Amino acid sequence: MFVKQTIMKKTFISLMILFSAFINAQQRTCGTTQKLQELIANDPSFAQHHAETMDYLRNPEVQAANRQQPNVVYTIPVVVHVLYKNATQNISDAQIASQIAILNADYRKTNSDFNTVVPTAFRPSGADFELAFCMATRKPDGTATTGIERKSVSSSFIFEDQYYTSAGLPVWDPTKYLNIWVGRFTDNTLLGFAYLPTIVGTSWADRDGLCIGDQFFGSTGTALAPYNKGRTATHEIGHYFGLDHPWGDGSCSGDDGVADTPATYDAYYDCVTFPNNDYTCTTTANGAMFMNYMDYVPDACMAFFTTGQKAIATATMNGPRASLKTSNGCQSLSVTEQEAINAIAVYPNPVSQFFMITSPQINVDFVEIFNTSGQLVKTQKLDEINNKIQVGELQSGIYYLRIYNEGKLLKSDKLVKK
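About the thresholds
Residues numbered from 1 in each chain as written. Predicted model: local features only at pLDDT ≥ 70, side-chain atom pairs only at ≥ 80, totals over all residues. Heavy atoms only, no water. Helix = DSSP H or I, 4+ residues; strand = E, 2+ residues; numbered from the N terminus. Rg over C-alpha atoms; globule rule 2.2 N^0.38 Å. Buried < 20%, exposed > 50% of the residue type's maximum accessible area, 1.4 Å probe, protein only. Lys, Arg positive; Asp, Glu negative; His and termini not counted. Charge placed at Lys NZ, Arg CZ, Asp CG, Glu CD. Pairing = 2+ DSSP bridges. Axes fitted to C-alpha atoms, helices over the stretch in contact; angles between N-to-C directions. Core = buried A, V, L, I, M, F, W, Y, C linked by side-chain atoms within 4.5 Å. Contact = heavy atoms within 4.5 Å.

Asks: Teacher, can you tell me more about the overall build of the protein chain here?
Replies: Within the protein chain, the secondary structure is distributed over 10 helices and 14 strands. Here the protein chain has a C-alpha radius of gyration of 23 Å; the compact-globule value for 418 residues is 22 Å, and the two agree. C-alpha atoms of the protein chain, sized along the principal axes, occupy 95 × 50 × 40 Å. Split into buried and exposed, the 418 residues of the protein chain put 51% on the buried side. Between the centroid of the 32 positive side chains of the protein chain and the centroid of its 39 negative side chains there is a distance of 3 Å.

Asks: Teacher, can you tell me more about the sheet that holds strand β10 (residues 366-371) here?
Replies: Two strands in a sheet stick together by hydrogen bonds in their backbones, pointing the same way (parallel) or opposite ways (antiparallel). Ordered in space as β11-β10-β13-β14, the four strands form an open sheet in which the pairing is antiparallel. Bordering the open sheet on either side are β11 (376-381) and β14 (408-417), each of which pairs with just one other strand. Put simply, the sheet's adjacent strands are angled 20° from each other on average, direction ignored. Bridge count for strand β13 (residues 397-405) against β14 is nine bridges, and the pairing is antiparallel. Looking across to β14, one finds that N405 is bridged to K408.

Asks: Sorry, what's going on with the nonpolar core here?
Replies: Proteins that are soluble and globular tend to have nonpolar side chains buried together. In this structure, Y107, F133, Y163, I180, I237 and F241 are the most contacted members of the largest nonpolar core, which totals 80 residues. If one sorts the elements of this core by residue count, strand β2 (residues 74-84) sits on top with six residues. Setting aside residues up to four positions removed in sequence, I180 forms contacts with V78, V79, V80, H81, L210, I212, F217 and I237.

Have a look at this one:
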C-alpha cells in the first residue's frame, strides 16, 4: 500500500510539474494584438484605417518602388523611460546598453547566433534591415540628455496601462524618437507590446513605442532566462515597424502578409527541432520558420528576420515612420530641398475614410484634392508632420493631390478612393 501511495504521489507531482511547465510556457506572450483590439474597441473607425494601412505596407507595388531607392542605413534615436517600484526594478545603464547592442546586431543581421540557430534552408532569406539604434543625445527641446529618464512609481501603478500618462513618463515626440518604457507588468502574462505604425498621427499616438518588462529587457541585470537575450524587444520593435506574427489571425486564411515566412496557425512556444510542421498550414520539407524573431520561441531559439519582412519595415520607414529618418535626436542632419520633397508620403492608398500626409523634412501647409474632371473637391490646411485627411464623403474613384507650402507647389500625387 505504501509503495502504491508513493507511486501515486510521485505521479501526481510529475503531472503537476508538467502542468506548471505548460502554464509557464504559455504564460508570457506579446500583448500587441490585445492592445490593438483595445484601440479598435475604443474607436471602431480605427479598424478600417488599420486594415488599409497594413494593406498599403504589404502592397507589392509599394515595396517594389522602395527597392528602387538607394540603400541607406537609418539611425533611430531611442529614449528609455524607466518606471520602477523598488531599487531592483531601477535597471542599470549597463542593462539598457546591452539591449541597444542586441537591437543593432539583430536588425543589421550581425548577431553571432545567426548561423547556429537559423537552418541552412532558411539562411538565404535572412535580411539586414539597414536600421540602427542610438541613445538620444538631445531632448525634444534641444537640451542634452543621456537618452534615459527614470521615475519612482507607487506600488499601485499599473505599468501596462499608465506607462505613458503623467503618473508614468509621457512620450517624447514619437515622430522623432523610438520611445521604450521599461517597468514591471501587473499582468504577468505579458512580455511586452508595441504599437503598429497604424497608430501614427492618430489621437492614440501618445502611447506609441515599446512597453516591456524589465525581466525581459537586455541580457544582464534583472533579465531572466529564457528571455535574457534581448529578443523580446527585437520582436516587439518588429511590430513597431509593421510586422505581424507569422500566424496572423491564426486561421491560415489571414497570415502575416509576408511571402517568405511559411504560414502557420499558431505560435511556437518552445525550442523544437528543425524541421517541424506541428502548426504549419501546409506541410513542407522545411516546415515552420519558428526561429524567426516574430514567433514566440525562447530568446536562444530565434535569430533572424526575412527579406519579405524587411520590405514591410522599409515601406513603414518610407511611410508612417518616415519622420524618424531625419530626426536630430542623435545628431544634426541636413538634406536638400528635393530630398525633403521626395520624402513626403501619402498613405494608405487606396483608402476609404481618411489618409495621411507625412512630411518629415519640409513644412507643408495646404493640400488640394481634384477629381479626374479637374474640379477642386476638397482643400485642407496642414500643420503637423502627420496630417489626417478625411475623404469619406468623396465618391469612389481616382483623385489628384497638390501639396503646398506657403503657396509653393511641392508635390503632386494620385489617390484612389474606394
